[in-house]
Amino acid sequence: MKHCLAIDIGGTKLAAAIVKQDHIVQRVQCETPHSNDPKQLIAALTALLQPLISSADYVAVASTGIINDGVLTALNPVNLGGLDQFPLVDVLSTITSLPVFAINDAQAAAWAEYAQLEHNVQDMAFITVSTGVGAGVVLNRNLITGARGVAGHAGHMQADPMGKRCGCGRIGCVETIASGTAIAQRGKEIMGNVSSGKEVYDLFLSGDQQAKEIIESSAKTIANLIADLTIALDLDVVVLGGSVGLAEGYVELVNDCLSSMPVIYQPKVLNAQAGADAGLIGVALWSKQQLTK
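Residues numbered from 1 in each chain as written. Predicted model: local features only at pLDDT ≥ 70, side-chain atom pairs only at ≥ 80, totals over all residues. Heavy atoms only, no water.

Student: Kindly report on the overall build of the protein chain, identifying the contributing residues and their values.
Tutor: Counting its regular elements, the protein chain contains 10 helices and 12 strands. Relative to the globule expectation of 19 Å for 293 residues, the C-alpha radius of gyration of the protein chain, 19 Å, shows essentially globular dimensions. In terms of overall dimensions, the protein chain has a C-alpha envelope of 55 × 45 × 30 Å along the principal axes. When burial is assessed residue by residue, the protein chain has 48% of its 293 residues classed as buried. Here the contacts in the protein chain between residues at least 6 apart in sequence split such that 62% fall between residues at least 24 apart. About 13700 Å² of surface is accessible on the protein chain, with carbon and sulfur atoms providing 50% of the total. (Helix = DSSP H or I, 4+ residues; strand = E, 2+ residues; numbered from the N terminus. Rg over C-alpha atoms; globule rule 2.2 N^0.38 Å. Buried < 20%, exposed > 50% of the residue type's maximum accessible area, 1.4 Å probe, protein only. Contact = heavy atoms within 4.5 Å. Areas by Shrake-Rupley, 256 points an atom, 1.4 Å probe, with all protein chains shown as cover.)

Laid out in structure tokens, this is it:
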């Protein structure tokens, strides 16, 4: 049985684990370097992975951004700072001297969530509402990554043609309304005295009317995204995750919005179940399939 060295590269943390028979048997973690210098990320990855390399047969990495032919980029390059066009697979191959497989972190999490579902589900979308809005899509029991790694970036579908310009350059993306970042920005604009999306959400839970409007706008935008994906892809299930998506009462708001639509737009909407290590588990499961191709 081959052992996978799974890696999850996020905006705030780097996690790595040895995955054996689909279970994590050893795990390490550190903060993602705040520097835009690629050398800092390479140094952090080298230090993090060194204790695990000898136990692994291959590497599977889930990363924020787009993985296109092994290179890390993004629809909004500002999010990656100096890491835009970062040769992720080549770097990890050099550090580990092992074969490396790589996909987007939301795609990896989608595959982990799909593994949690009943076996009769064929078509699913996973949507994470957090700092940004990301997604992964499973069709006919296969994870869709796309020829250029872009598949599932549903946070950049248009929600408001008259809305704000997104970091990707498009006007009115879902992410500009529904994400934790957007919630925080809107809170500052109309409330003035908030510093984070979490603070706005806490005010919503306490009954603040302005915060209620902001959170309901986010949930309505995600409900419409779910409806759009469902009518385009004929989904059985949508799984909702992320710090906003899993916040108290959020999925109920989304379902309330969906309930006002025709039934054809209403898939089953579930909370994510795979937990904080969904990226690690998902990319390990996916990479195991790649080894057999």
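Student: Please give an account of the pairing of strand S4 (residues 58-63) that cites residues and values.
Tutor: Judged by how many residues are buried, S4 sits mostly within the fold: six of six residues are covered. By the alternation rule, side chains of S4 split into Tyr-58, Ala-60 and Ala-62 and Val-59, Val-61 and Ser-63, which are all buried. Relative to S4, strand S1 (residues 4-9) is paired through six bridges, and the arrangement is parallel. Bridge assignment links Ile-9 to a residue of S4, and that residue is Ser-63. Where S4 and strand S7 (residues 100-104) come together, five bridges link them in parallel fashion. By the bridge assignment, Ala-62 is partnered in S7 with Ile-103. (Pairing = 2+ DSSP bridges.)

Student: Got a sec to walk through helix H9 (residues 250-259)? Specific residues and values, please.
Tutor: Of the positions making up H9, those classed as buried are Tyr-250, Val-251, Leu-253, Val-254 and Leu-258. Taken down its axis, H9 places every buried residue within 160° of arc, on the same side. (Arc of directions from axis to C-beta.)

Student: Residue-level account of the pattern of salt bridges, with values.
Tutor: Within this structure, the stated rule accounts for six salt bridges. Among the ionic pairs, Lys-288 bridges to Asp-22, the shortest N-O distance being 2.8 Å. In this pair, Lys-288 sits in helix H10 (residues 278-291) while Asp-22 sits in the loop between strand S2 (13-20) and strand S3 (23-31), placing the two residues 266 residues apart along the sequence. Between Asp-277 and Arg-27 there is a salt bridge, with the nearest N and O atoms lying 3.0 Å from each other. With Asp-277 in the loop between strand S12 (268-271) and H10 and Arg-27 in strand S3, this pair connects stretches of sequence that are 250 residues apart. Salt bridges sharing common partners tie together Lys-164, Arg-186 and Glu-189. (Salt bridge = Lys/Arg side-chain N within 4 Å of Asp/Glu carboxyl O.)

Student: Can you explain the sheet that holds S7? Please cite residues and give values.
Tutor: As summarised here, the arrangement of the five strands in space is S3-S2-S1-S4-S7, forming an open sheet in which the pairing is mixed. If you trace the sheet from one side to the other, it starts and ends with S3 and S7, each paired once. The mean angle between the axes of side-by-side strands here comes to 15°, regardless of whether they run parallel or antiparallel. In terms of strand pairing, S2 meets S3 through eight bridges, oriented antiparallel. Residue pairing for S3: Lys-13 is matched across the bridge by Glu-31. Packed on one face of the sheet, helix H1 (residues 38-49) meets S1, S2 and S3 and runs near 35° to S2. The sheet strands contacting helix H3 (residues 105-116) are S1, S4 and S7, and the helix crosses S7 at an angle near 95°. (Axes fitted to C-alpha atoms, helices over the stretch in contact; angles between N-to-C directions.)

Student: So what's going on with the sheet that holds S12? Residues and values would help.
Tutor: Backbone hydrogen bonds are what pair the strands of a sheet, in a parallel or an antiparallel way. Taken in spatial order, the five strands make up an open sheet running S10-S9-S8-S11-S12, and their pairing is mixed. Single-partner strands in this sheet number two, and they are strand S10 (142-144) and S12. Between one strand axis and the next, the sheet turns through 25° on average, direction left out of account. Alignment of strand S11 (residues 237-241) against S12, held across four bridges, turns out to be parallel. Pairing of Val-238 across the sheet is with Val-269, part of S12.

Student: Residue-level account of the layout of surface pockets, with values.
Tutor: Roughly 270 Å³ of internal volume is contained in the second largest pocket. If you go around the second largest pocket, you meet 14 residues; those closest to its centre are Lys-164, Thr-176, Ile-177, Arg-186 and Ser-217. Mapped by element, the contributors of at least two residues to the lining of the second largest pocket are helix H4 (175-178), helix H5 (180-190) and helix H7 (209-233). Looking at side-chain class alone, the lining of the second largest pocket contains five nonpolar, five polar and four charged residues. (1 Å grid on protein atoms, 1.4 Å probe; cavity = no way out; pocket = protein on both sides within 12 Å on 5 of 7 lines; lining within 4 Å. Points joined across faces, edges and corners; volume = space filled by probe spheres on them. Nonpolar A, V, L, I, M, F, W, Y, C, P; charged D, E, K, R; others polar.)

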